[in-house]
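# Breakdown of the fold
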Amino acid sequence: MKKTLLLFAAMFLGLSAFAQQALYGGPQTESPVINPDGTVTFRIQAPKAVKVEVTGDFLPTEKVEVEFNGQKMTYDAPGVGVFKEGRGGVWEYTTPFKVAPELYNYSFRVDGQTVLDPNNVFVNRDVASLTSLLLVDEPGARSDLYAIHRVPHGTVSKVWYPSATAGFDRRLTVYTPAGYETSKAKYPVLYVLHGIGGDEDAWVTQGRATQILDNLIARGEAKPMIVVFTNGNISEEAAPLENSTGYTRPTMSLPQTMEGTFETAFPEIVKFIDSRYRTIAKKQGRAICGLSMGGFHTLYITLNNPDMFNYSGMFSAAIGTGSEEKAAHKEIYENIDGKLATYFAHKPALLWIGIGSTDFLIQSNNEFRAKLDAAGYPYKYMETDGGHIWRNWRIYLSEFVPLLFK
């Protein structure tokens, strides 16, 4: 008994010392700092370093060639800023320009080793990569939608549903708007899909979707709606470390991502949501959108279920990459002309397409738009600067949502 008490005492003292270290022994170097002139300063203490750099999507881009499904494509990679060493081994870099209001990702490179900013506790995970976060906010700018304001907030829940297709329970993230719990009203539903390597948390953590929804609804610029964030990797239960596989490294190389199974299974998600929530359970009360792989899924879910969604949004959609020809369920992707004719014969309220001017998928998206134009099918199109990046997808969501359920 005495030994047990001594062990607990030692553990308590150890935890107490750790807590005090966390409170009082943290780094004293401040980084990042948004300066009065709009420039941003980054700092890191690295007295033994020879070279320190920062890379992030706030910097001018550089052209990089990648291979996707056997095809070589060029995309814009974040540029690089070089630090200067100062007193006490503190390295510093200040942008030579005002950084525009936006939410950015960045990381440091110390002698070639990529590291997080040790003085910034705000971190983002994208598949298996971690980056530090920088939010440059300005009243009236679009970035103001990404900030948390004193407005009514919706509720975000992690909800499991039984998937007959997968053969196990899978997880969704569900947003219900402010007032849902005390209301008896029925709400329209927007389904939001992530890109390859993402999961049901991606739009909430990286896309700032709940902040965008809260702020647009509070401003009266969007209808109150239920929003469902799905996991498009049908072989997975849920996001990494939120499922039974434990410490499995996140990867983009997952089975059953763009081969038809997820599209085939999607109606079971809609059925579950309609049974669990107070929804407007008809086409006029449903919308769907997604980025990259999610845009690919959006297109084919929509075309194979022409009476299910009245609004569809394709954000940098990963169409025309060859996935359709390699699919296990080719029937999902066949007869696109006939399916487009049927879809538009059902008179959808909106097909919305957005992509960056330097996105590596812009050619295939332009070819798809040419097909729509040739047939006289209506759609809305938005082209922004930049490439295949979250900065654009947040813009597209904030433009798409106000057009829904009018």
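Preceding this section is the structure that the text describes.
Read on for an overview of the structure. (Residues numbered from 1 in each chain as written. Predicted model: local features only at pLDDT ≥ 70, side-chain atom pairs only at ≥ 80, totals over all residues. Heavy atoms only, no water.)

What follows deals with the nonpolar core. By size, the foremost hydrophobic cluster in this structure holds 34 residues, and its most contacted members are Leu-190, Trp-203, Phe-229, Phe-315 and Phe-400. Contributing elements (two or more residues each) for this core: strand E15 (189–193), helix H2 (202–205), helix H3 (209–218), strand E16 (226–229), strand E17 (286–291), strand E18 (311–315), strand E19 (350–356) and helix H9 (390–400). Looking at this core element by element, the count peaks at six residues for H9. If sequence neighbours within four positions are ignored, Trp-203 has contacts with Val-192, Leu-193, His-194, Arg-208, Ala-209, Phe-229, Leu-291, Phe-315, Trp-390, Trp-393 and Leu-397. Counting residues in each nonpolar core, the second largest holds 25 residues, with Met-314, Phe-344, Ile-362 and Tyr-379 among its members. (Core = buried A, V, L, I, M, F, W, Y, C linked by side-chain atoms within 4.5 Å. Buried < 20%, exposed > 50% of the residue type's maximum accessible area, 1.4 Å probe, protein only. Helix = DSSP H or I, 4+ residues; strand = E, 2+ residues; numbered from the N terminus. Contact = heavy atoms within 4.5 Å.)

The full count for this structure, using the stated rule, is 28 aromatic pairs. Consider the rings of Phe-315 and Trp-352, whose centres lie 5.6 Å apart with planes at 85°: the pair is edge-to-face. Taken together, the residues Phe-315 in strand E18 and Trp-352 in strand E19 connect sequence positions 37 residues apart. With respect to burial, Phe-315 and Trp-352 carry one shared label: buried. Ring centres of Tyr-343 and Phe-344 lie 4.8 Å apart, and the angle between their planes is 70°; this geometry places the pair in the edge-to-face category. By relative accessible area, Tyr-343 is classed as buried at 1%. In this arrangement the basic side chain of Arg-394 is found over the ring face of Tyr-146, its NZ or CZ atom lying 5.4 Å from the centre. (Phe/Tyr/Trp six-rings, centres within 6.5 Å; stacked < 30°, edge-to-face > 60°. Lys NZ or Arg CZ within 6 Å of the ring centre and 35° of its normal.)

Further remarks concern the sheet that holds strand E1 (residues 33–34). Within the open sheet, the four strands sit side by side as E1-E2-E8-E7. Their pairing is antiparallel. The open sheet has two free edges, formed respectively by E1 and strand E7 (84–85), since each of these has just one partner strand. Bridging between strand E2 (residues 40–45) and strand E8 (residues 90–94) involves five bridges; their strand directions are antiparallel. Considered in E8, the bridge of Phe-42 is made with Tyr-93. (Pairing = 2+ DSSP bridges.)

Here Ser-323 shows up in helix H6 (residues 323–326). For Ser-323, a relative accessible area of 8% puts it in the buried group.

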